[in-house]
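# A closer look at the structure
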Amino acid sequence: QVQLVESGGGLVQAGDSLRLSCAASVRTDVMGWFRQAPGKEREFVAAIAWTGGSTSYADSVKGRFTISRDNAKNTVYLQMNNLKPEDTAVYYCAAALVVVARVPKYDYWGQGTQVTVSS
C-alpha cells in the first residue's frame, strides 16, 4: 500500500506561481500529477520516473510547469509558473509501482489539492 500526501494548493492570480508537493510512503516506479476541473474529465499533467528522472508533460503545461523529485524524501514536486485561469482544477498526485508497455499503472492516488487561478 502506498500513501500519498499532497500539499501546496491555493488561490492565486493569473501569472503567479505555485509549488505542489506529494510525499509518498515508499519509493515507486513513476510519480504523476493529474488534474480535474469542474465538469471535465481528469487529465494528465506531468510524470517523472524515480530512476533516471525522465519526465513527460501535457502539451498544455509544457514550458510553464516543472516536475521534480527528492529521492531522499520520497517527495515529488510540481512547480507551476505563469498560471492561467484554465489551470484551475483539483490536482492529484498518483503513484505507479509498475509500468506495462511503457504505460505507468497508476494504482495509488492522493486526496487532491485545489488550485484556483483568478483572472
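The text that follows walks through the structure, step by step, so that each part is easy to find.

Cut-offs applied
Per chain, residues are indexed from 1 in the order of the written sequence. With the structure being a predicted model, the display of local features is reserved for residues of pLDDT at least 70 and the display and counting of side-chain atom pairs for 80 or more, all residues being used for whole-chain, interface and lining totals. Excluded from the side-chain calculations are hydrogens and water; all other atoms, namely the structure's heavy atoms, are used. The patches described consist of residues with a relative accessible area above 30% and no salt bridge, like charges being joined within 9 Å and nonpolar side chains (Val, Leu, Ile, Met, Phe, Trp, Tyr) within 5 Å. Every accessible area reported is derived by Shrake-Rupley at a probe size of 1.4 Å, with residue values counting cover from the shown protein chains alone. For this document, the term salt bridge refers to a Lys or Arg side-chain nitrogen within 4 Å of an Asp or Glu carboxyl oxygen. Numbering of helices and strands starts at the N terminus; helices are DSSP runs of H or I of at least 4 residues and strands are runs of E of at least 2. Every residue pair with non-hydrogen atoms within 4.5 Å of one another is taken to be in contact. Classification of ring pairs uses Phe, Tyr and Trp, with its six-membered ring standing for Trp, and accepts pairs whose centres are within 6.5 Å; under 30 degrees between planes counts as stacked, over 60 as edge-to-face, and the remaining range as tilted. When a residue's accessible area, from a 1.4 Å probe over protein chains only, is under 20% of the maximum for its type it is buried; when over 50% it is exposed; and in between it is partly exposed. Think of it as a cone above the ring: NZ of Lys or CZ of Arg counts as a charge over the ring if it is within 6 Å of the ring centre and within 35 degrees of the ring normal. What we call a nonpolar core is a set of buried Ala, Val, Leu, Ile, Met, Phe, Trp, Tyr and Cys residues that are connected through their side-chain atoms within 4.5 Å. Two N or O atoms count as a polar contact when they lie within 3.5 Å, although within protein this holds only if one can serve as hydrogen donor and the other as acceptor, and sequence-adjacent residues are included solely when both atoms are side-chain atoms. For two strands to be treated as a pair, DSSP must find no fewer than two bridges joining them. Axes here refer to lines fitted to C-alpha atoms; in helices the fit is confined to the stretch in contact. Angles between the N-to-C directions go from 0 to 180 degrees.

As a further point, take a nonpolar patch on the surface. A contiguous nonpolar patch, built from Leu97, Val98 and Val100 and spanning about 240 Å² of accessible area, is present on the exposed surface. The topology assignment puts Val100 in strand E9 (residues 89–100).

Right, let's get into the environment of Ser118. When you line up the elements, Ser118 lands in strand E11 (residues 113–118). Setting aside chain neighbours within four positions, we find Ser118 in contact with Val12, Gln13, Ala14 and Pro85.

A separate point is the packing of aromatic side chains. In the structure shown here, the tally under the stated rule is 4 aromatic pairs. Between Tyr106 and Trp109, the ring centres sit 6.3 Å apart and the planes meet at 55 degrees, which makes this aromatic pair tilted. A relative accessible area of 17% places Tyr106 in the buried class. Residue classification places Trp109 among the partly exposed residues on the basis of a relative accessible area of 29%. The rings of Phe34, Phe44, Tyr106 and Trp109 are connected pair by pair, giving a single aromatic cluster. The ring centre of Trp109 lies 3.8 Å from the NZ or CZ of Arg42, which sits over that ring.

Before going further, it helps to spend a moment on the nonpolar core. If you look at the biggest cluster of nonpolar residues, it comprises 29 residues, and the most contacted ones within it are Leu4, Met31, Trp33, Leu78, Met80 and Tyr91. Taken together, the elements giving at least two residues each to this core come down to strand E3 (18–24), strand E4 (30–36), strand E5 (43–49), strand E7 (65–70), strand E8 (75–80), E9 and E11. Beyond its immediate chain neighbours, meaning those up to four positions away, Leu4 contacts Cys22, Ala23, Ala24, Met31, Cys93, Ala94, Ala95, Tyr108, Trp109, Gly110 and Gln111. In terms of nonpolar packing, the next biggest core, distinct from the first, is built from 6 residues, Phe34, Ala47, Ala94 and Ala96 among them.

The next subject is the side chain of Arg35. Structurally, Arg35 is set in strand E4. By relative accessible area, Arg35 is classed as buried at 6%. A distance of 2.6 Å separates polar atoms of two side chains, one belonging to Arg35 and the other to Glu43. Of note is the side chain of Arg35, whose polar atom sits 3.5 Å from the side chain of Ser60. Excluding residues that lie within four positions of it along the chain, Arg35 makes contacts with Glu41, Arg42, Glu43, Val45, Ser60, Val61, Phe65, Glu86, Asp87, Ala89, Val90 and Tyr91.

Turning next to the sheet that holds E7. In space, the 4 strands of this open sheet follow the order E1-E3-E8-E7, with antiparallel pairing throughout. Here the strands that pair on one side only, and so sit at the sheet edges, are strand E1 (4–7) and E7. On average, each strand axis in the sheet is tilted by 15 degrees relative to the strand beside it, whichever way the strands run. Here E3 runs beside E8; their pairing, made up of 6 bridges, is antiparallel.

Before going further, it helps to examine unusual backbone geometry. For Asn82, which is not glycine, the phi dihedral falls at a positive 50 degrees. Its location among the elements puts Asn82 in the loop between E8 and E9. Given the relative accessible area of 43%, Asn82 is considered partly exposed. One non-glycine residue, Ala101, lies in the positive phi region at around 55 degrees. Residue placement: Ala101 occurs in the loop between E9 and strand E10 (103–109).

Shape descriptors only; they carry no functional weight alone.
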